[in-house]
Amino acid sequence: GDNAGARVDSSRLLLARMEGENEGDGEAPGDLEAPLLDASRIEDDIQEEEPTAVSQAMSSALGHDLTPSQTRFLLTGSFIDILTNVSVSFIFPFLPTMLQNAGAGPYQRGLIFAALPFGVLLVSPLVPPLLWRFGTKAALISSLVLITACLSLATYAGPPRGDTKLTDRALTRCVTIWVCSRLFMGFAVAGTGVTVLCLMTRHLPRRSHVFANGVLESAIGVGYMVGPAFGGWLFELFRWSEVPLIVNATATALLIPLVANMRLVDEEEDEEEEGAGGNAADQEGGEDKRGTVGMTMRLFARPRFFAAVLVLLAVSISFGVFPSTLPPHLQRTLKIGEGSVGTVYAGIAGLYAFFTPFVGPLAENGGMTNPLGAMAVCGALLMAVAHLCFGPSPLLPMRFDGPRDWRLWAVDIIGGGVCYGIGSAFGFVPLLPLMQAAVVDMGPRYMEMTAGLSNAVYYSGELVGQLFGAQIVSSAGFPWASTAFGGMLVSACALFGLVRLVVKPPATV
């Protein structure tokens, strides 16, 4: 009898404790209203969750305290970014020259390369609201399936081999299939890229955002390093564009079941994170009553946000110009093949991937605000110097004697490649944290909207660069066109610095 009474008392005590916890945590009404993790919740997770060997190794190497779930997220997001950007960039070394030999003009080539950033631009602002409704795993899986389908579709484009000239009908069919493939791949790239950025914003403390963004950008750089080298050498070996397409589609398809069986951070925490503190954060920074458009307008009304957007736009236009214009320029001036062009791209992307992880630690050792702005300006200005070297610009005080002149190789490849690889790392990575720092007082969902908008702004710049870059180069010549794009970067940096001197940051930064 005494044992039975003790069991009843202990059961009542356990039930009372559970009820007390439920009162403090609240009930999760579903994925639609699941808020972001607040800072206090993240700190509790760091204290309660036992670090794994991988997280301890990454923490000691990079100076950050990572929980196992945060480490798993970074590794998963990095791998997805690598494979996605391999799929985007592997056509750079061979497709522009192949289309030019087939009879495609600058506008047709620019249309094909502009289709992907246009697709990303359309979908990126819509991804955060879709994540709030359907969840991150559904977005990632559907995006990977769509990338696989687009790569498979491109194998039916019927591109020429070698110097084959296509008839008008065959050329129209080829361009149409490539445009459709790249457009829908843009939808998928928006899904993967924005989802990974939103997960970073949700589940990592603000002090780690620059570091995590650097890790993800390093992964993107690895993708852009592997993709052109891989695609260029496969095409030069087989002379069939279908070979790199099929290999790439197979690799993407193999990633789908891995993501489907993966436990993402937001799925593990869904039932716990909707508490009283979460509801307060939701009320403070909840979705604007005017919807996505209203939230977007409020973000662009911030001068510091808008100034960072202008720099991001200039940087992305610079990124967009090169895929359709630099390979023919290098092949014409230096007399190199597709595989060598892919190696040049790989070298630039390798420098980008190497230096991006250092942006976060450098910024944190010097404080959050000023070092980020200074790094963005210095990096963008270094990209402007690279534009002068790639021309080479007529403003440079030297003339060259053709492809055998070693000075041309030194300025074009070493000077341009090194400046662009390092400059793009320090010019691009700080921009998303700078945009989020400008609106941090507006609430967590505006931080997620900033991730979607940054992706949209980046690909809108790529759209402009890829759509009009070939035409500008065709009319003005590559040396003068590259010089003009360098001047655009300098102007954006000057305006950015002026705004940051005049307008004070939000009080909570």
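See the structure printed just above.
Structure report, in brief.

Here is what the cut-offs are and how they apply
- Residues numbered from 1 in each chain as written.
- Predicted model: local features only at pLDDT ≥ 70, side-chain atom pairs only at ≥ 80, totals over all residues.
- Heavy atoms only, no water.
- Buried < 20%, exposed > 50% of the residue type's maximum accessible area, 1.4 Å probe, protein only.
- Helix = DSSP H or I, 4+ residues; strand = E, 2+ residues; numbered from the N terminus.
- Contact = heavy atoms within 4.5 Å.
- Axes fitted to C-alpha atoms, helices over the stretch in contact; angles between N-to-C directions.
- Parallel < 35°, antiparallel > 145°, perpendicular 65-115°, else oblique.
- Left-handed = near helix turned anticlockwise from the far one by under 90°.
- Nonpolar A, V, L, I, M, F, W, Y, C, P; charged D, E, K, R; others polar.
- Polar contact = N/O pair within 3.5 Å; in protein donor to acceptor, adjacent residues only side chain to side chain.
- Phe/Tyr/Trp six-rings, centres within 6.5 Å; stacked < 30°, edge-to-face > 60°.

### Overview of helix α5 (residues 95–102)
Since one α-helical turn is 3.6 residues long, residues separated by three or four positions face the same way. Within α5, six of the eight residues are buried, which leaves the element mostly enclosed by the surrounding structure. In this fold, the buried residues of α5 make contact with α6 (106–123), α9 (168–203), α10 (209–238) and α15 (303–334). Immediately beyond the C-terminal end of α5, within one or two residues, lies G103, with a positive phi of roughly 110°.

### Examining the environment of V88
Inspection of the secondary structure puts V88 in helix α4 (residues 68–89). For V88, a relative accessible area of 3% corresponds to the buried category. For the pair V88 and I147, spaced 59 residues apart in the sequence, the C-alpha separation amounts to 9.4 Å. Once residues within four sequence positions are removed from consideration, V88 is found in contact with L116, R182, M185, V189 and Y224.

### With respect to the packing of α9 against α10
It is the contact of α9 with α10, at a shortest axis distance of 10 Å, that shows an interaxial angle of 155°. Between α9 and α10, the crossing angle belongs to the class labelled roughly antiparallel. Handedness of the crossing formed by α9 with α10: right-handed. Residue-level inspection shows V196, L197, M200 and T201 of α9 in contact with α10, the latter providing H209, A212, N213 and L216. Residues that form the contact of α9 with α10 fall into these classes: five nonpolar, three polar and no charged.

### Structural notes on the side chain of K137
Locating K137 in the fold gives a position in helix α8 (residues 136–154). A polar atom in the side chain of K137 sits 3.1 Å from the backbone oxygen of A260.

### Topic: the packing of aromatic side chains
Under the definition given, this model contains eleven aromatic pairs. Centroid distance F319 to Y458: 5.9 Å. Interplanar angle 65°. Geometry classified as edge-to-face. Residue F319 is found in helix α15, and its partner Y458 is found in helix α21 (residues 444–476); the two are separated by 139 residues along the sequence. Each of the two residues, F319 as well as Y458, counts as buried.

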